[in-house]
Amino acid sequence: MEKKFELTEKYVVNEFGTKLYQIKCTKTFEYAKEGELGGYIEKEENLSQEGNAWVSDTARVSGNARVFGTAQVFGDANVSGNARVFGTAWVYGDAWVFGNAWVYDNARVSDNARVSGTARVSDDARVYGNARVSGTARVSDDAQVFGDANVSGNAWVCK
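Residues numbered from 1 in each chain as written. Predicted model: local features only at pLDDT ≥ 70, side-chain atom pairs only at ≥ 80, totals over all residues. Heavy atoms only, no water.

Undergrad: Teacher, can you tell me more about the pairing of strand 1 (residues 5–13) here?
TA: A regular strand places its side chains on the two faces of the sheet in alternate fashion. In this structure, strand 1 lies alongside strand 2 (residues 19–25), joined through 6 bridges in antiparallel fashion. Within strand 2, the position partnered with Phe 5 by the bridge is Cys 25. Between strand 1 and strand 2, which pair antiparallel one after the other, the connecting turn spans 5 residues, and Gly 17 there sits at a positive phi close to 80°. (Pairing = 2+ DSSP bridges. Helix = DSSP H or I, 4+ residues; strand = E, 2+ residues; numbered from the N terminus.)

Below you can see the structure in the form of structure tokens.
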């Protein structure tokens with residue numbers, strides 16, 4: 001398999017003291033062109049070499065977190081822990097997805113939103129603003145969680 005990115009020598013250190021290396025695209029695909037610099041990841045396993053998934057801008061992916069499928073993480077977004085971003089999902093702005101949370105299908109998490117615990121955001125759901133989704137909460141279908149909303153515990157928000 002031909003790799004679509006490589007780690008560069010340029011790195012940043014995250015809040016836990018872990019080095020995250022900037023990535024460089026090694027072959028043109030849907031979201032990046034060969035030679036283009038991307039965001040920062042701790043290790044190659046954080047971003048799939050298959051599919052069109054990409055981390056760009058100053059976004060960071062660390063720990064055992066994984067981005068795959070055709071998902072995108074960009075802006076100043078942060079994905080960490082054992083989190084998963086996949087399908088055609090986007091995490092962007094200053095959003096954080098961490099713990100064992102999943103963002104997938106065509107879901108969007110943006111602005112200053114936080115998704116954590118074992119929460120799931122899926123389908124065409126949107127979580128944005130200063131919203132928080134945590135615990136075992138689920139946000140799905142065309143639901144929107146925004147502003148200062150807090151969805152936690154085993155809550156399920158759908159439309």
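So that's the structure; there's more coming.
Undergrad: Please clarify how unusual backbone geometry should be interpreted in this entry.
TA: Notably, Asp 111 is not glycine yet its phi reads approximately 60°, a positive angle. Among the secondary structure elements, Asp 111 is positioned in the loop between strand 13 (108–109) and strand 14 (114–115). Asp 111 sits in the partly exposed class, given a relative accessible area of 38%. (Buried < 20%, exposed > 50% of the residue type's maximum accessible area, 1.4 Å probe, protein only.)

Undergrad: It is not clear to me how the packing of aromatic side chains should be interpreted in this structure. Could you clarify?
TA: Pairs of aromatic rings are described using the distance from one ring centre to the other and the angle between the two planes. According to the stated counting rule, one finds 11 aromatic pairs in the structure shown. Seen in terms of ring centroids, Phe 29 and Trp 54 are 5.4 Å apart; in terms of plane orientation they differ by 75°. Their pairing is edge-to-face. Here Phe 29, found in the loop between strand 2 and strand 3 (37–41), pairs with Trp 54, found in strand 4 (residues 54–55); they are 25 residues apart in sequence, far enough to count as distant. Each ring, one from Tyr 128 and one from Phe 146, has its centre 5.2 Å from the other, and the planes form 10°; the classification is stacked. Separated by 18 residues along the polypeptide, Tyr 128 in the loop between strand 16 (126–127) and strand 17 (132–133) and Phe 146 in the loop between strand 19 (144–145) and strand 20 (150–151) bring together distant segments of the chain. Cluster of aromatic residues (ring-pair linked, three or more members): Phe 68, Phe 86, Trp 102 and Tyr 104. (Phe/Tyr/Trp six-rings, centres within 6.5 Å; stacked < 30°, edge-to-face > 60°.)

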